[in-house]
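Examining the three-dimensional arrangement
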Amino acid sequence: MALKKLTIVGGGLAGLALGIALCRRSIPVQLLEASAYPRHRVCGEFLSGIHSEELVGLGIEDLFVDAARSRETIWFDGPRAILRATLPEAAYGLSRFQLDSALAQRFIALGGQLRTGVRAGDDPAEGTVHASGRPQRDSPWIGLKAHFGEFPLSADLEIHLADGGYVGVTRVEEGRVNVSGLFRRKTPLNGGPRMFTQAVAEAGLGQLAERLESAQMDRASLKGVSRFHLGWQIQRGAAVCIGDAAALIPPFTGNGMTMALQSALLAVEPLAQWSQGECGWESVGRAIRKAQSGMFSTRLRWAHAMQKVLFQPLGRRICAALIARQWISFETFYRKLR
Ligand SMILES: Cc1cc2nc3c(=O)[nH]c(=O)nc-3n(C[C@H](O)[C@H](O)[C@H](O)COP(=O)(O)OP(=O)(O)OC[C@H]3O[C@@H](n4cnc5c(N)ncnc54)[C@H](O)[C@@H]3O)c2cc1C
């Protein structure tokens with residue numbers, strides 16, 4: 001019997017990983033991507049909490065072999081270091097510029113049909129999977145990212161907490177660091193190359209802003225995003241959604257890319273069954289939503305609660321004190337968010 005063809009809308013991590021996994025099972029699949037590769041994306045580029053079996057299951061484990069490994073982390077409240085910790089497992093540092101491009105090449109090499117420069121509609125049609133990232137919605141959040149050279153790090157991952165936001169700094173390839181920030185803002189940024197340091201300084205992170213000013217920013221890597229919502233996204237009828245199109249975890253967790261890959265993995269089996277004519281499209285959607293809810297609901301709740309605490313001064317002080325007095329371990333927090 002002929003296999004039914006799937007269409008994936010969106011070639012970020014979720015869409016490409018799903019496309020690769022389906023191609024490995026000989027399922028015919030086309031992927032529509034609005035932009036082209038390589039390209040920079042707003043992302044902290046710090047990938048944590050993924051299991052090696054999950055990367056093997058998707059057939060992409062080899063793409064992480066040369067990624068930077070991060071174990072040591074330091075957290076700042078403004079200029080003050082409030083926590084030093086070792087991550088229970090190493091995280092990967094790899095730019096989206098490189099990773100998405102490598103995934104796209106793998107997808108094509110496996111026989112996937114990739115059409116770039118094509119913006120698809122959000123029609124919840126049978127056989128179409130939406131992996132198109134954060135849906136646009138009014139919100140106070142602004143996300144920024146840029147690569148910097150000559151930026152000495154005081155740990156593999158620096159987290160700078162502020163009132164209503166944070167900045168993460170981590171190593172990616174070629175000796176560069178990726179700096180990404182989430183800011184709750186009432187006024188828009190001025191734009192231009194200095195908008196990153198402006199946002200950082202206005203968030204109350206003056207010392208970090210000075211460090212960024214004296215480092216070398218790769219201007220082509222400077223990207224910004226607004227109008228997105230954290231948490232579960234509004235379901236569009238019976239649409240089958242994966243990655244950020246389904247849910248975006250507060251980014252300080254460094255777990256959004258992992259969730260994108262995990263949601264791709266959860267979708268493979270139901271989609272393969274549909275392609276083989278073993279079940280209807282509605283049951284595919286139900287199975288995928290149920291699997292995502294089971295895997296992600298608890299960590300999303302913890303992440304929202306933790307973000308609320310960490311983005312205000314008293315919350316930061318209490319957290320730091322609890323960990324310093326060993327009433328609660330950093331590992332406990334880490335595990336709740338994964
Ligand atoms: C400020 C910030 C910092 C973050 N830091 C981290 C971090 O350190 N670690 C981490 O794990 N996660 C982080 N994240 C989250 C992470 O970036 C996302 O969870 C991840 O990118 C989700 O992947 P995705 O494939 O679902 O979506 P995306 O990567 O957004 O990909 C969606 C793709 O769909 C395409 N597309 C959109 N609409 C259409 C259309 N209509 N037709 C065709 N194509 C379309 C886009 O061009 C894009 O290529 C961060 C997020 C933010 C905002």
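Relative to the helices and strands, H130 is located in strand β7 (residues 128-130). Side-chain polar atoms of H130 contact the backbone oxygen of D123, separated by 3.2 Å. Leave out the neighbours within four places in its chain, and H130 touches V9, G121, D122, D123, P124, R236, A239, V240, C241, I242 and A245.

Bringing empty space enclosed by the protein into the picture now. The full count for this structure, using the stated rule, is one cavity of 30 Å³ or more. Of the voids in this model, the largest cavity is the one considered here, and its volume is about 40 Å³. Considering the residues around the largest cavity, the lining is formed by G243, A246, A247, M259, A260, S263, Q292 and F296. Of all the secondary structure elements, the ones that give two or more residues to the lining of the largest cavity are α6 (256-275) and α7 (281-310). Taken together, the residues that form the lining of the largest cavity break down as five nonpolar, three polar and no charged.

Let us look at the layout of surface pockets. Considering only enclosed or pocket space, the second largest pocket measures out at about 160 Å³ in volume. Every residue lining the second largest pocket is listed: F148, P193, R194, F196, T197, L212, E213, A215, M217 and R219. For the lining of the second largest pocket, the secondary structure elements donating two or more residues are α4 (195-202), α5 (206-213) and β12 (216-226). Class assignment for the residues of the lining of the second largest pocket results in six nonpolar, one polar and three charged.

In this section: the packing of aromatic side chains. For the coordinates displayed, the defined rule picks out six aromatic pairs. Ring geometry for F64 and Y92: centres 5.1 Å apart, planes at 50°, overall tilted. Of this pair, F64 sits in the loop between α2 (52-58) and β4 (68-77) while Y92 sits in strand β5 (residues 80-93), placing them 28 residues apart in sequence. As far as burial versus exposure is concerned, F64 and Y92 are alike and both buried. Between Y166 and F311, the aromatic rings sit 6.4 Å apart at their centres with planes inclined by 25°, giving stacked as the arrangement.

Overall, parallel pairing links the five strands, which are arranged β6-β2-β1-β7-β14 in an open sheet. Each edge of the sheet is formed by a strand with only one pairing partner; in this case those strands are β6 (113-116) and β14 (240-241). Here strand β1 (residues 6-9) runs beside strand β2 (residues 29-33); their pairing, made up of four bridges, is parallel. By the bridge assignment for β2, T7 is matched with Q30. Contacting β2 and β6, helix α3 (residues 96-109) crosses the sheet at an angle of about 135° to β6.

This part is about the sheet that holds strand β10 (residues 165-171). Reading across from one edge, β3-β5-β4-β9-β10-β11-β8-β12 is the order of the eight strands in this open sheet, with mixed pairing throughout. A single partner strand is all that each edge strand has here, and the edge strands are β3 (46-47) and β12. In the sheet, strand β8 (residues 141-149) pairs with β12 via seven bridges, with the strands oriented antiparallel. Residue F148 lies in a different strand from β12, and its bridge partner there is M217.

So, how was this worked out
- Residues numbered from 1 in each chain as written.
- Predicted model: local features only at pLDDT ≥ 70, side-chain atom pairs only at ≥ 80, totals over all residues.
- Heavy atoms only, no water.
- Helix = DSSP H or I, 4+ residues; strand = E, 2+ residues; numbered from the N terminus.
- Polar contact = N/O pair within 3.5 Å; in protein donor to acceptor, adjacent residues only side chain to side chain.
- Contact = heavy atoms within 4.5 Å.
- 1 Å grid on protein atoms, 1.4 Å probe; cavity = no way out; pocket = protein on both sides within 12 Å on 5 of 7 lines; lining within 4 Å.
- Points joined across faces, edges and corners; volume = space filled by probe spheres on them.
- Nonpolar A, V, L, I, M, F, W, Y, C, P; charged D, E, K, R; others polar.
- Phe/Tyr/Trp six-rings, centres within 6.5 Å; stacked < 30°, edge-to-face > 60°.
- Buried < 20%, exposed > 50% of the residue type's maximum accessible area, 1.4 Å probe, protein only.
- Pairing = 2+ DSSP bridges.
- Axes fitted to C-alpha atoms, helices over the stretch in contact; angles between N-to-C directions.

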